[in-house]
Amino acid sequence: MNAKRLQVIFAGGGTGGHLYPAIAISEQLGDRSDSVDSHFVCSTRPLDAKLLTDEGVAFTSVPARPFALSPLRLAEFVRTWPSVVRACRRVIESLRERGPVVVVAMGGFVSAPAAAAARKARVRLILVNLDATPGKANRWVAKRSDRVFTAAEPEGRGYAAWERVRPIVRWAAIADGDRPFCRRELELDPDKPLLLVTGASQGARSINAMMVRMLQTQPSRFMGWQVIHQCGPATLGGGGEFDEHAIATAYEKAGVPAIVQPLFREMGRVWGAADVAISRCGAGSVAEAWANRVPSVFLPYPYHKDEHQRKNAIPLERAGGAVIVKDHVDAAANEADAGSVLLGLMDEPEKREAMTRRLRELGPPDGAGIVADAILGMK
């Protein structure tokens, strides 16, 4: 008779920020044990299916909806909740036939129905919080979890029992060599400094617009540099005048060598090639900047009322490894503010090296291994 294998269900989705940390933990489980299977429960957003298909992992999409106070969206949430919980329960029961099940909620609107299903099925539940301001779903799931880990420093009361870990980063997002090596692997000049521009998996239209404007108004400031620009899918961070083609054309006209793509899977090579970055500061981007010791200018997503992206980046700014600048949305205003900060860092290699040392002092990005050990301890 075949031995039972531990079945770990990771619940999360909607952005790479929820999925990539789950992949990191799954990788650590595989490194530690040959009797563990991972399965992902994600949203029906196309990005989720693309990312998980590219990673070659098993997944089930469920039609989860975010909780919202607007009447129409709240009605949709209430209407779909029972069926989504049942769908998650079916995943749990189907995997239970192969061995004991642990559900790992990765935050966001997919994690809540999965957690409810875990409680109904009486299986172990872990929450992994990634943002400095835990959302409604995470606070709800935390009350029902056996253990709660957080890769950020939550503000306010009620989080004392949450176990703090360092960043949770997948292998593909950690450089596998020094800067010259990574640049050569990307077919770039190994001796020329490199700027990374990224809005993470969804892209950032305002960052794209600022960079296009700077290439038009100050092309000489980029001379001697090369750029990797992750612009986001055309339907999200890119699109229209700031899609992949338009941005690549702006670099070409400015005479700046650049690689422009909607999404890079091997982000470790990309971060590893960079001397400096300008980026959104979702939890995943902050973790990757930390893990690869890249001095960064962070522009928090400007439409979050709780400013959780800004709070995610505060530890790096406090340590002296990053600068947080408000995203004014307007390209000219961003050029004058964040653009000036970025160009200043590009002009000061000594300052960049000092920032890199400060990031190194923060310690290794070993959060995924700690969570994996906790999961294995629940067999």
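Above this text sits the structure in question.
Heads up: these notes are all about the structure in this document. (Residues numbered from 1 in each chain as written. Predicted model: local features only at pLDDT ≥ 70, side-chain atom pairs only at ≥ 80, totals over all residues. Heavy atoms only, no water.)

Below, the discussion takes up the pairing of strand β9 (residues 226-230). Among the five residues that make up β9, five are buried, leaving the element largely enclosed by the rest of the structure. Burial along β9 is two-sided: the residues Q226, I228 and Q230 and V227 and H229 are all buried. Pairing geometry for strand β8 (residues 194-198) and β9, over five bridges, is parallel. Across the sheet, the residue bridging to L195 is V227, located in β9. With helix α7 (residues 205-217) bridging β8 and its parallel neighbour β9, the resulting β-α-β unit is right-handed. (Buried < 20%, exposed > 50% of the residue type's maximum accessible area, 1.4 Å probe, protein only. Helix = DSSP H or I, 4+ residues; strand = E, 2+ residues; numbered from the N terminus. Pairing = 2+ DSSP bridges. Right-handed = clockwise from strand over helix to strand, strands pointing away.)

Burial runs high along β8: five of the five residues are buried. Side chains of β8 alternate between two faces, with L194, L196 and T198 and L195 and V197 buried alike. Here β8 runs beside strand β11 (residues 276-279); their pairing, made up of four bridges, is parallel. Considered in β11, the bridge of T198 is made with S279.

What follows concerns the packing of helix α1 (residues 16-32) against helix α2 (residues 46-55). Running from amino to carboxyl end, α1 crosses α2 at an angle of 25 degrees, the nearest separation of the two axes being 10 Å. The angle between the axes of α1 and α2 places the two elements in the roughly parallel class. Note that α1 runs across α2; the crossing there is right-handed. Between α1 and α2, the contacting residues are G16, L19, Y20 and I23 on the first element and L47, D48, L51, L52 and E55 on the second. Here the residues of the contact of α1 with α2 sort into six nonpolar, one polar and two charged. (Axes fitted to C-alpha atoms, helices over the stretch in contact; angles between N-to-C directions. Parallel < 35°, antiparallel > 145°, perpendicular 65-115°, else oblique. Left-handed = near helix turned anticlockwise from the far one by under 90°. Contact = heavy atoms within 4.5 Å. Nonpolar A, V, L, I, M, F, W, Y, C, P; charged D, E, K, R; others polar.)

Moving on to empty space enclosed by the protein. Across all of its chains, the model carries one cavity of 30 Å³ or more by this definition. Within this model, the largest cavity holds a volume of roughly 40 Å³. For the largest cavity, the full set of lining residues is A64, R65, F77, T80, W81, V84, F109 and P113. No other element matches the four residues that helix α3 (residues 71-96) contributes to the lining of the largest cavity. The class makeup of the residues in the lining of the largest cavity is six nonpolar, one polar and one charged. (1 Å grid on protein atoms, 1.4 Å probe; cavity = no way out; pocket = protein on both sides within 12 Å on 5 of 7 lines; lining within 4 Å. Points joined across faces, edges and corners; volume = space filled by probe spheres on them.)

Looking now at the layout of surface pockets. Of the pockets and cavities examined, the second largest pocket occupies roughly 270 Å³. Lining the second largest pocket are 22 residues; nearest its centre among them are A151, A152, E153, N312 and P315. For the lining of the second largest pocket, the secondary-structure elements that each account for two or more residues are α1, α10 (283-292) and α11 (308-319). In terms of residues, the lining of the second largest pocket owes the most to one element, α11, which gives six residues. Within the lining of the second largest pocket, the residues separate by chemical class into 14 nonpolar, three polar and five charged.

Strand order in the open sheet formed by six strands is β10-β9-β8-β11-β12-β13, and the pairing between neighbours is parallel. The strands lining the two open edges of the sheet, one partner per strand, are β10 (258-261) and β13 (322-324). Along the sheet, successive strands turn relative to each other by an average axial angle of 10 degrees, direction set aside. Sheet strands in contact with α11 are β12 (296-298) and β13, and its direction is about 145 degrees off that of β13.

This part covers the environment of V227. For V227, the location among the structural elements is in strand β9. With relative accessibility at 0%, the residue V227 sits in the buried group. When the C-alpha atoms of V227 and A274 are compared, they prove to be 8.5 Å apart, with 47 residues separating the residues in sequence. The contacts of V227, once residues within four sequence positions are left out, are L195, V197, Y251, V256, P257, A258 and I259.

A sheet is described by the order of its strands in space; here seven strands give the open sequence β3-β2-β1-β4-β5-β6-β7, paired in parallel fashion. Only two strands of the sheet have a single partner each, and these edge strands are β3 (59-61) and β7 (163-164). Pairing of strand β1 (residues 6-11) with strand β2 (residues 36-42) involves six bridges; the strand directions are parallel. By the bridge assignment for β2, F10 is matched with F40.

Turning our attention to the side chain of Q7. Its place among the elements puts Q7 in strand β1. What makes Q7 buried here is its relative accessible area of 2%. Only 3.0 Å separates the side chain of Q7 from the side chain of D37, close enough to count as a polar contact. Excluding residues within four positions of it along the chain, Q7 makes contact with D37, L95, R98, G99, P100, V101 and V102. (Polar contact = N/O pair within 3.5 Å; in protein donor to acceptor, adjacent residues only side chain to side chain.)

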